[in-house]
Amino acid sequence: MMIELTKANSDVFIPDEVSEQVALARTTHLAIGAHQDDLEIFGYAPIAECYAKKDKWFTGVTVTDGAGSVRAGIYSDFTDEEMKEIRLQEQRKAAFIGEYSIQYQLGFSSSEVKNPASDHIINDLYAILNIAQPEEVYLHNPADKHDTHVSTMVRAITALRKLPVDKRPKKVYGCEVWRDLDWMMDDEKAVLNTSVQDHIATALVSVYDSQISGGKRYDLATTGRRLANATYYASHGVDDISSMNFAMDLTPLIENPSMSLKDYTVAAIQRFQDDVAGKLDRFA
Ligand SMILES: [Zn+2]
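Not measured: the values here are computed from a predicted model.

Rules behind the numbers
- Residues numbered from 1 in each chain as written.
- Predicted model: local features only at pLDDT ≥ 70, side-chain atom pairs only at ≥ 80, totals over all residues.
- Heavy atoms only, no water.
- Pairing = 2+ DSSP bridges.
- Helix = DSSP H or I, 4+ residues; strand = E, 2+ residues; numbered from the N terminus.
- Axes fitted to C-alpha atoms, helices over the stretch in contact; angles between N-to-C directions.
- Polar contact = N/O pair within 3.5 Å; in protein donor to acceptor, adjacent residues only side chain to side chain.
- Contact = heavy atoms within 4.5 Å.
- Phe/Tyr/Trp six-rings, centres within 6.5 Å; stacked < 30°, edge-to-face > 60°.
- Buried < 20%, exposed > 50% of the residue type's maximum accessible area, 1.4 Å probe, protein only.
- Lys NZ or Arg CZ within 6 Å of the ring centre and 35° of its normal.
- Donors = N, O, S within 2.8 Å, 3.2 Å for Na, K, Ca; no water.
- Tetrahedral: all angles 85-135°; square planar, octahedral: opposite > 155°, others 65-115°.
- Salt bridge = Lys/Arg side-chain N within 4 Å of Asp/Glu carboxyl O.
- Disulfide = S-S within 2.5 Å.
- Parallel < 35°, antiparallel > 145°, perpendicular 65-115°, else oblique.
- Left-handed = near helix turned anticlockwise from the far one by under 90°.
- Nonpolar A, V, L, I, M, F, W, Y, C, P; charged D, E, K, R; others polar.
- Core = buried A, V, L, I, M, F, W, Y, C linked by side-chain atoms within 4.5 Å.

Draft legend 1. Spotlight on the sheet that holds strand β7 (residues 190-193). If you walk across this open sheet you meet the 8 strands as β1-β4-β3-β2-β5-β6-β8-β7, and the pairing is mixed. Looking at strand neighbours, the two that pair on one side only are β1 (11-13) and β7, the edges of this open sheet. The average angle at which neighbouring strand axes cross in this sheet is 25 degrees, direction not considered. The pairing of β1 with strand β4 (residues 102-108) spans 3 bridges and is antiparallel. Counted as the bridge partner of aspartate 11 is glutamine 105 from β4.

This is how it looks when you write it as structure tokens:
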């Protein structure tokens with residue numbers, strides 16, 4: 001393999017079996033998620049944009065190893081090692097269905113991702129980004145409520161900021177999984193169109209049977225969120241996009257590496273707070 005990843009249990013999957021070099025060179029859109037299934041939940045828009053295109057390719061990077069997953073039903077007596085293998089294969093299935101250019105599974109534990117002293121994840125992400133040089137990058141959003149999602153996003157921002165200026169992506173987005181972005185001001189939301197090939201969108205989340213059988217209908221919830229986002233996005237007129245994800249534009253943080261991620265995020269929350277407070281003041 002071209003890129004030396006830290007973990008012996010890391011996995012590299014190229015659905016159409018070109019070389020890793022070719023798969024990275026053709027990459028235009030890249031998403032970095034914490035767990036198997038996150039890319040398909042938050043990143044369907046770039047997956048769909050690249051699907052069956054000759055000049056656009058989606059690359060997925062999944063940071064953790066799937067340990068500690070909930071298990072129920074047919075999976076209830078599976079060991080942790082068996083569940084890791086099931087989840088790894090589920091991510092490969094999604095990469096195949098979605099015609100990804102290449103899918104990396106870095107194989108880190110959640111605690112490693114959350115440890116600020118560990119450079120390994122940043123190094124792996126940097127190595128991939130430095131060669132792939134995607135035009136657009138999709139991450140977890142900074143106001144997500146899942147600690148592993150937030151720490152994965154922070155590691156990714158650090159890796160992106162280390163890139164030489166000419167290798168940095170043109171756009172970086174923070175996307176919805178464990179907390180949506182409905183609370184953002186409408187004019188600040190980046191709209192990601194998920195209304196194309198909804199049968200593929202459904203298939204991509206549905207391959208994660210181990211998670212859905214665990215008791216949570218991520219397939220229905222993911223579709224429902226996208227429909228609700230589109231319906232409630234604007235109060236006037238007819239929806240011209242029937243399904244959408246929202247994203248926070250994180251590009252300014254990459255263009256200006258000294259900008260505080262915390263300040264940037266809290267300022268967006270402050271504008272939401274001001275809007276709510278302002279309405280209540282007005283009608284009191
Ligand atoms: Zn996740």
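Draft legend 2. Main features of the side chain of glutamine 36. Within the secondary structure, glutamine 36 is located in the loop between β2 (29-33) and α2 (38-42). Among the polar contacts made by the side chain of glutamine 36, one reaches the side chain of glutamine 105 at a distance of 3.0 Å. Aside from chain neighbours lying at most four places away, what touches glutamine 36 is Thr62, Thr64, Asp65, Gly66, Arg87, Leu88, Gln91, Gln105 and Tyr208.

Draft legend 3. The packing of aromatic side chains, seen in detail. Under the defined criterion, the tally for this structure stands at 6 aromatic pairs. Seen from their ring centres, tryptophan 178 and tyrosine 218 are 6.5 Å apart, and the 80 degrees between their planes marks the pair as edge-to-face. Residue tryptophan 178 is found in the loop between β6 (171-175) and β7, and its partner tyrosine 218 is found in helix α10 (residues 218-233); the two are separated by 40 residues along the sequence. On the accessibility criterion, tyrosine 218 (19% relative accessible area) is buried. Just above the ring of phenylalanine 246 sits the side chain of lysine 189; from NZ or CZ to the centre is 4.5 Å.

Draft legend 4. Local environment of the side chain of lysine 189. By the element assignment, lysine 189 lies in the loop between β6 and β7. From its side chain, lysine 189 meets the backbone oxygen of aspartate 182 in a polar contact 3.3 Å long.

Draft legend 5. Examining the coordination of the zinc ion more closely. At 2.1 to 2.4 Å from the zinc ion lie its protein donor atoms, namely His35 (ND1), Asp38 (OD), Asp38 (OD) and His149 (NE2). Each of the 4 donor atoms around the zinc ion contributes to a set of angles spanning 55 to 142 degrees, which defines the coordination as irregular. In primary sequence terms, the donor set of the zinc ion follows H-x2-D-x110-H. The exposure classification of histidine 35 matches that of aspartate 38, with both residues buried.

Draft legend 6. Up close: the pattern of salt bridges. With the rule as written, the count across this model stands at 12 salt bridges. Two residues, arginine 92 and aspartate 11, come together in a salt bridge whose shortest N-O distance is 2.9 Å. You can see arginine 92 sitting in helix α4 (residues 80-97) and its partner aspartate 11 sitting in strand β1, a full 81 residues away along the chain. The exposure class assigned to aspartate 11 is buried, which follows from its relative accessible area of 11%. One continuous salt-bridge network, built from bridges that share partners, spans Asp65, Glu81 and Lys84.

Draft legend 7. Fine view of the state of the cysteines. Inspection of every chain in the model, using the stated rule, returns 0 disulfides. The thiol of cysteine 50 is unpaired, and the distance to the nearest cysteine sulfur, on cysteine 175, comes to 13 Å. Under the relative-accessibility criterion, cysteine 50 is labelled buried at 4%. Since its relative accessible area comes to 0%, cysteine 175 is described here as buried.

Draft legend 8. Highlighting unusual backbone geometry. Positive phi, normally seen in glycine, also occurs at glutamate 99, with a value near 55 degrees. With respect to the element layout, glutamate 99 can be found in the loop between α4 and β4. Unusually for a residue other than glycine, glutamine 133 sits at a positive phi of about 45 degrees. In this fold, glutamine 133 is placed in the loop between α6 (120-132) and β5 (136-140).

Draft legend 9. Geometry of the packing of α6 against helix α7 (residues 147-162). Here α6 crosses α7 at 50 degrees, and the two axes come no closer than 9 Å. The pairing of α6 with α7 is recorded here as oblique in orientation. By crossing handedness, the relation of α6 to α7 is classed as right-handed. On the side of α6, the interface is formed by Ile121, Ile122, Leu125, Tyr126 and Leu129, while α7 contributes Arg155, Ala156, Thr158, Ala159, Leu160 and Lys162. Of the residues belonging to the contact of α6 with α7, the class tally is 8 nonpolar, 1 polar and 2 charged.

Draft legend 10. Main features of the nonpolar core. In this structure, Ile32, Tyr104, Leu106, Leu125, Ile128 and Leu139 are the most contacted members of the largest nonpolar core, which totals 43 residues. With 6 residues, the single largest contributor to this core is α6. Setting aside residues up to four positions removed in sequence, tyrosine 104 forms contacts with Ile3, Leu5, Asp11, Val12, Glu20, Leu24, Thr59, Gly60, Val61, Thr62 and Ile128. By size, the runner-up hydrophobic cluster in this structure holds 30 residues, among which are Tyr138, Leu192, Leu204 and Val205.

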